[in-house]
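Residues per chain are reported as follows:
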Amino acid sequence: MRVLLVGAGGVGTAVTRIAARRPFFDLMVVADYDPARAEAAVAALGAQAGRFRAERVDAADEAAVAALLARHGCDVLLNATDPRFVMPLFRAARAAGATYVDMAMSLSRPHPERPYEECGVKLGDEQFAAAAEWERAGALALVGMGVEPGLSDVFARYAADELFDSVEEIGVRDGANLTVDGYDFAPSFSIWTTIEECLNPPVVYEEGRGWFTTEPFSEPEVFDFPEGIGPVECVNVEHEEVLLMPRWTDARRVTFKYGLGREFTETLRTLHKLGLDGTGPVTVPGAGGAVAVSPRDVVAACLPDPATLGDRMRGKTCAGTWVRGSKDGSPREVYLYHVVDNEWSMAEYGCQAVVWQTAVNPVVALELLATGVWTGTGVLGPEAFPARPFLDLLTAYGSPWGLREQ
């Protein structure tokens, strides 16, 4: 397998450090708009850098990406950029005849008249619209293969196959007790993506009703997370799992709730009130004259790079899937989860916990594709593949998962 990794930020860098320890690929080309980032990611591998190459590429330039795939003979494109670049990279992979893998799906657009009742363009709609084309070509696009979405979807498939006879509800629940020394507000993941997820109308799925939306931060609940994290208030957030799981499982209801905490939620509300969550350009004065900038990009520039926070972070992050249903005629309720301790991920890989947890899952998926354990054509989510091989290999990577009866 020869892989083109597009994006050498926190998650992309973590991908290289995890993949460097595995023998399943021959070459990984690490490409970024900023060539210094790509070069730094490769240089940091030291003696393990032999199978890696650094390149510059503009993720929005489909022809350049396709040419880079061809030049290095890459058969897989792994997208580690933010969701703005999903569609150009998705199309470039198809044009080049490469398998495509991402960790977040094409962007949504709220319903123009009833944004908190009905869906407009849903997450992933643009990609699924091309599913027949990929299938006719015998090609595979594996979408939403990070941690959430990704591992959470694998958990859903595992529960449906092995733990339940019927499933009433699947609820992804994400929480952490992470703190960052010296910062009152320092998101551990891309603020651009966080704003997109948290301020868009959350989507809920119900059998018979289909997909519908609610107000941001709706239906708060306190969820008790394992391994010492404890109770965290979680709220509805727009996320790909709700759009993916109903396509391959028979759950009657699917939700995603994020443990943001009150302070984080209020900060995001304030950004929205001030218009600082916007992506369209606004004109501001500059030293050389008027300059057009995106408010959201300004917010991101004012915050620390999440990839640089590892040494100051303390605590654990938990991604997991809560499932309620029945088994052998009796009610059952479980929480399948994956916890990463920042102290461990920093000591073992030099990566903070959130980006490492996101990065390990696409690497596991690439290995399953390389060895032929996972195969398929079309545009498929993680639920379309058998779960047990993934969970076994994740454990073999030194990062076991857990199951708690509720």
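The preceding data block contains the structure.
Here the structure is a predicted model, which is why all the values come from computation and not from measurement.

Engineer: Please clarify how helix H12 (residues 342–349) should be interpreted in this entry.
Structural biologist: Spacing of three or four residues puts side chains on the same side of an α-helix, whose turn is 3.6 residues. Residues Asn342, Ser345, Met346 and Tyr349 constitute the buried set of H12. What you see down the axis of H12 is that its buried residues fit within an arc of 105°, all on one side. H12 presents Glu343 and Ala347 as exposed residues on the side facing more than 90 degrees away from its buried surface. Next to the buried residues of H12 lie helix H1 (10–19), strand S16 (313–314), strand S18 (330–341) and helix H13 (353–370). Looking at where H12 begins, the residue whose side-chain oxygen comes 2.9 Å from the main-chain nitrogen of Glu343 is Asp341.

Engineer: For this particular structure, what's the right way to read the nonpolar core?
Structural biologist: If you look at soluble globular proteins, the nonpolar side chains tend to sit buried side by side. One finds Met28, Val30, Trp374 and Phe390 to be the most contacted residues of the largest nonpolar core, which totals 91 residues. For this core, the leading source of residues is H13, giving 11 residues. Dropping the residues within four chain positions of it, Met28 is found in contact with Val3, Leu5, Val15, Thr16, Ala19, Arg51, Phe52 and Arg53. One finds Leu4, Phe90, Ala130 and Ala131 within the second-largest nonpolar core, a separate group that totals 30 residues.

Engineer: I tried to follow the pattern of salt bridges on my own but got confused; where do I start?
Structural biologist: Counted by the stated rule, this structure contains 26 salt bridges. Salt-bridge contacts for Glu118 lead to Arg114; the nearest nitrogen and oxygen are separated by 2.6 Å. Given the relative accessible area of 31%, Arg114 is considered partly exposed. Salt-bridge contacts for Asp181 lead to Arg314; the nearest nitrogen and oxygen are separated by 3.0 Å. One end of the pair, Asp181, is in the loop between strand S8 (179–180) and helix H8 (191–199); the other, Arg314, is in strand S16, with 133 residues separating them in the sequence. Taking relative accessible area as the criterion, Arg314 reaches 41% and is therefore assigned partly exposed. Connected through salt bridges with shared partners, the residues Glu169, Arg173, Glu206, Glu219, Glu221, Arg253, Lys257 and Arg324 form a single ionic network.

Engineer: Would you mind showing me how to read the environment of Thr179 here?
Structural biologist: Along the chain, Thr179 falls in strand S8. In this structure Thr179 comes out as partly exposed when scored by relative accessible area, which is 42%. Not counting residues within four places of it along the chain, the set of residues in contact with Thr179 comprises Arg312, Met313 and Arg314.

Engineer: Got a minute to help me understand the state of the cysteines in this structure?
Structural biologist: Taken as a whole and assessed by the stated rule, the structure comprises 0 disulfides. Residue Cys198 stays outside any disulfide, its sulfur separated by 12 Å from that of Cys234, the closest cysteine.

Engineer: Would you take a moment to explain a nonpolar patch on the surface for this structure?
Structural biologist: Among the surface-exposed residues, Val282, Val284 and Val291 lie close enough to one another that they form a single nonpolar patch of about 180 Å² accessible area. With respect to the helices, strands and loops of the structure, Val282 is situated in strand S14 (residues 282–286). Residue classification places Val282 among the partly exposed positions, given a relative accessible area of 37%.

Engineer: What should I look at first to understand the sheet that holds strand S2 (residues 27–32) in this one?
Structural biologist: Hydrogen bonds between backbone groups are what pair the strands of a sheet, and the pairing can be parallel or antiparallel. Here we have 7 strands laid out as an open sheet, ordered S3-S2-S1-S4-S5-S6-S19, and parallel in their pairing. Looking at which strands have only one partner, the edges of the open sheet turn out to be strand S3 (52–56) and strand S19 (378–380). The sheet shows a mean angle of 20° between the axes of neighbouring strands, taken without regard to direction. Pairing analysis gives 4 bridges linking strand S4 (residues 76–79) to strand S5 (residues 99–102), with the strands arranged parallel. By the bridge assignment, Leu77 is partnered in S5 with Tyr100. Along the sheet, helix H4 (residues 86–96) makes contact with strand S1 (2–6), S4, S5, strand S6 (140–142) and S19, crossing S5 at roughly 160°.

Engineer: What is the right way to look at the side chain of Asp153 in this model?
Structural biologist: Within the secondary structure, Asp153 sits in helix H7 (residues 151–163). Those residues in contact with Asp153, other than ones at most four positions away along the chain, are Gly144, Glu241, Leu244, Met245, Pro382 and Glu383.

About the thresholds
- Residues numbered from 1 in each chain as written.
- Predicted model: local features only at pLDDT ≥ 70, side-chain atom pairs only at ≥ 80, totals over all residues.
- Heavy atoms only, no water.
- Buried < 20%, exposed > 50% of the residue type's maximum accessible area, 1.4 Å probe, protein only.
- Helix = DSSP H or I, 4+ residues; strand = E, 2+ residues; numbered from the N terminus.
- Arc of directions from axis to C-beta.
- Contact = heavy atoms within 4.5 Å.
- Polar contact = N/O pair within 3.5 Å; in protein donor to acceptor, adjacent residues only side chain to side chain.
- Core = buried A, V, L, I, M, F, W, Y, C linked by side-chain atoms within 4.5 Å.
- Salt bridge = Lys/Arg side-chain N within 4 Å of Asp/Glu carboxyl O.
- Disulfide = S-S within 2.5 Å.
- Patch = residues over 30% accessible without salt bridge, like charges linked within 9 Å, V, L, I, M, F, W, Y side chains within 5 Å.
- Areas by Shrake-Rupley, 256 points an atom, 1.4 Å probe, with all protein chains shown as cover.
- Pairing = 2+ DSSP bridges.
- Axes fitted to C-alpha atoms, helices over the stretch in contact; angles between N-to-C directions.

Functional significance is not addressed by these values, which are geometric in nature.
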